[in-house]
Amino acid sequence: MDLRMKKSRLWMLAAILLCCTTAVLTSCKSKPTADLVVYGKIFTSDNNQIVEAFAVKDGKYIYVGDKAGAEVFIEEGKTEVIDYTGKGLVMPGCGNGHAHYASGFAIQTVGTMVSPKDDANKFLTEILPAAVKKARDSGAKAIFGFGWNMMTFQKNMPTRQQLDAVCSDIPIYFADDEAHKGLANSILLVKAGIMKEDGTPLKREIRGSVIQIGSDGTPTGFLKEQEGTYTRSFLDNENLFSVDIASANMAEIEKLLLSEGYTMYQDGWSSYFYNSSLYQAAQQRDQAGDMHFVLGLSYEIESWMDVDEAMAKASDVQKFASTHVKPNWVKLFMDGTVESGTGFVEPLYPDGHQGSENWSEEEVTDITRKANAKGLTMHIHAMGNKGVNRVVNAYINGGKDEMRNTLVHVYGVNPEDYKRMADHNIYVTSGMLWHHRSTELRDELNRTLPEGMKDKGFPLKSFFDHGVNVSSHSDFPASTGSPDDPFGIMEITVTGLYHAEEGQPWWTEELLTREQALTALTINVAKQMFIENERGSISTGKYADFLLVNKDVLTCPANEIHTAKPAATYFEGKKVFERESPNQK
């Protein structure tokens, strides 16, 4: 081989090496420049996986893994880098699978809040007169309130005549802290057709409940379950809760949610004031770019309504869907609450009654079939084991498994129903915070509940054990006395107690591990809301909704979990909340 050929081959080899080197460099440079890279202890909510870093581009995760792998996405001057190592836990944004922020904030705006510690005397002499003055000063045509406690009021329950003595010309309705009971004055009972002006009863019952009649043979004004929702529908709801009020409330709701670490929320009763104001307000805010969380909305159908007419309305509000607004659920009340004696149970309560049953199994089956056919998922309040069984039967016989029809709250479950729920993709959203009970309430439940339910209620671990998707909810503002934030809920779920309170944990066999609690607070809510392919975990391709938590809730002392707060909340890669100081609430 002559010298010229050797040189030629050397040049060819050099050219090949240069091309290869250039290709490698080009390949490295082809990695997109991240907008944000985060280092730290990161709980992804994907099978309890913990990683060191992730990178975000255009609002989505483009890399999740170790620190070295994330570094190639950094370009100085263009990529924000957050090193959260040793400062706490990084985790997905949380979800609230069932709450009533919309109605809760509306009541604070247009109505009056009662503390569960306020007794009947204070209500009649201070709170109600102030509410009446507020209504008269503003020209309101209805007075609405919320929050009184049954145990505080039951020994001296106010009557309609006592409410009349304060105000007889403006309809009054005050719901209790569970929203399952209410107090009404005479003018509202007359307007609702419950009685004549002289007190003569016109209705003895509303589907699912019996009108309370006093010793004088007239309605007392104390209402339970469906008789309460029926009577409340006769308030001046269109003026009481307008689109403008709903929109202003939504802005305040967002502030609270983001400060607590929620980036997903399913509203449990979006037609609370029997109109579409909330739906319209949510869509308008989202289309204006003012919504930084995902909102699920549910249209409630009461057992006293014309079902076909109500179903048409529930389907119609789907027109208010937008990027972050999902109006795709129908809500029913199967029964009341086990603790108050209106849950539908078996065996019977000690006094021989079985609780409230608002719907027959055939009706729930039919409604489920119609709702699922319209692309609507069922979201049914069911507490007593008999009520839960009835709903499970209806979901299996009338529903589509892929629609993820959901049970809400769930105090009791018949053992055989767990597997049936798992086999038919039936979901549960549970008040995981209800595993703490005061000594006074525990004594009351031991006296009034059926056998097998006295010291047991609200299963949690059993859902995980059977493969049922269970998500967390706070039920705000109905769960008075319990925390609303994810980490307060998590502490109760793990320990059965909240903030070193007195008493004993409730049904400790059903408590969760910390990882299970975080799963129920994150990816399981996303699954419930049909958004798990885009949110709920820190995974490549999903939206970057995440929290920088100021404490590692996976390893800190269990009784300190409730002190954890989001130092910052991110939604689609943008910081939407930052805690200004350690003392900020």
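Residues numbered from 1 in each chain as written. Predicted model: local features only at pLDDT ≥ 70, side-chain atom pairs only at ≥ 80, totals over all residues. Heavy atoms only, no water.

> So what about the pattern of salt bridges? Which residues, and what values?
A side chain with one charge may pair with a side chain of the opposite charge, provided their charged atoms come close. Going through the model one piece at a time under the given rule, you end up with 31 salt bridges. The partner of aspartate 118 in a salt bridge is lysine 122, and the shortest N-O contact between them spans 3.1 Å. Note on aspartate 118: relative accessible area 10%, which makes it buried. We note a salt bridge from lysine 133 to aspartate 137, for which the minimum N-O separation is 2.7 Å. In this pair, lysine 133 and aspartate 137 both sit in helix α4 (residues 120-138), four residues apart, roughly one turn of the helix. Looking at lysine 133, the relative accessible area reads 54%, which means it is exposed. (Salt bridge = Lys/Arg side-chain N within 4 Å of Asp/Glu carboxyl O. Buried < 20%, exposed > 50% of the residue type's maximum accessible area, 1.4 Å probe, protein only. Helix = DSSP H or I, 4+ residues; strand = E, 2+ residues; numbered from the N terminus.)

> Tell me about the packing of aromatic side chains, and please be specific about residues and values.
Counted by the stated rule, this structure contains 26 aromatic pairs. Here the aromatic rings of tyrosine 230 and phenylalanine 234 are separated by 5.2 Å at their centres, their planes lie at 70°, and the arrangement is edge-to-face. The buried category is assigned to tyrosine 230, whose relative accessible area is 13%. Within the aromatic cluster, the residues linked to one another by ring pairs are Phe144, Tyr173, Phe241, Trp269, Tyr272, Phe273 and Phe333. Directly above the aromatic system of tyrosine 272 lies the positively charged group of arginine 232, at a separation of 4.4 Å from the ring centroid. (Phe/Tyr/Trp six-rings, centres within 6.5 Å; stacked < 30°, edge-to-face > 60°. Lys NZ or Arg CZ within 6 Å of the ring centre and 35° of its normal.)

> Quick rundown of the environment of threonine 218? Include the residues and the values.
Of note, threonine 218 is situated in the loop between β12 (209-210) and β13 (222-224). Classification of threonine 218 by relative accessible area gives buried; the value is 11%. Taking the C-alpha atoms as reference points, threonine 218 and proline 201, separated by 17 residues in sequence, lie 6.0 Å from one another. Here threonine 218 is in contact with Arg160, Gln161, Gly199, Pro201, Gln212 and Ile213, once residues within four sequence places are set aside. A polar contact of 2.9 Å, which involves the side chain of threonine 218, links it to the side chain of arginine 160. Engagement of the side chain of threonine 218 in a polar contact is seen with the side chain of aspartate 216, the distance being 2.9 Å. (Contact = heavy atoms within 4.5 Å. Polar contact = N/O pair within 3.5 Å; in protein donor to acceptor, adjacent residues only side chain to side chain.)

> So what about the packing of helix α10 (residues 243-260) against helix α11 (residues 277-287)? Which residues, and what values?
Running from N to C, α10 and α11 point in directions that differ by 55°, and their axes come no closer than 8 Å. One element, α10, and the other, α11, form an angle in the oblique class. Relative to α11, the crossing made by α10 is right-handed. For the pair α10 and α11, the contacting residues are Val243, Ala246, Ser247, Met250 and Ala251 in the first and Ser277, Leu278, Gln280, Ala281, Ala282, Gln284 and Arg285 in the second. The residue inventory of the contact of α10 with α11, partitioned by class, reads seven nonpolar, four polar and one charged. (Axes fitted to C-alpha atoms, helices over the stretch in contact; angles between N-to-C directions. Parallel < 35°, antiparallel > 145°, perpendicular 65-115°, else oblique. Left-handed = near helix turned anticlockwise from the far one by under 90°. Nonpolar A, V, L, I, M, F, W, Y, C, P; charged D, E, K, R; others polar.)

> Describe in detail the sheet that holds strand β16 (residues 325-333), supporting the description with residues and values.
Strand order in the open sheet made by the eight strands is β6-β14-β15-β16-β17-β18-β19-β20, with parallel pairing throughout. Looking at strand neighbours, the two that pair on one side only are β6 (94-99) and β20 (470-472), the edges of this open sheet. In this sheet, neighbouring strand axes are inclined to one another by 25° on average, regardless of whether the strands run parallel or antiparallel. Note: strand β15 (residues 294-300) against β16, five bridges, orientation parallel. Residue glycine 296 lies in a different strand from β16, and its bridge partner there is lysine 326. Of the strands in this sheet, β6 and β14 (262-267) touch helix α3 (residues 101-110), which is tilted by about 85° from β14. (Pairing = 2+ DSSP bridges.)

> Help me get a handle on the environment of lysine 313, residues and values and all.
You can see lysine 313 is positioned in helix α12 (residues 307-316). For the pair lysine 313 and tyrosine 299, spaced 14 residues apart in the sequence, the C-alpha separation amounts to 8.2 Å.

> Residues and numbers for the pairing of β6, please.
Among the six residues of β6, six are classified as buried, and the element is accordingly described as predominantly covered. As judged from the four bridges shared by β6 and β14, these two strands associate in the parallel manner. Bridging from a neighbouring strand, asparagine 96 pairs with tyrosine 265 of β14.

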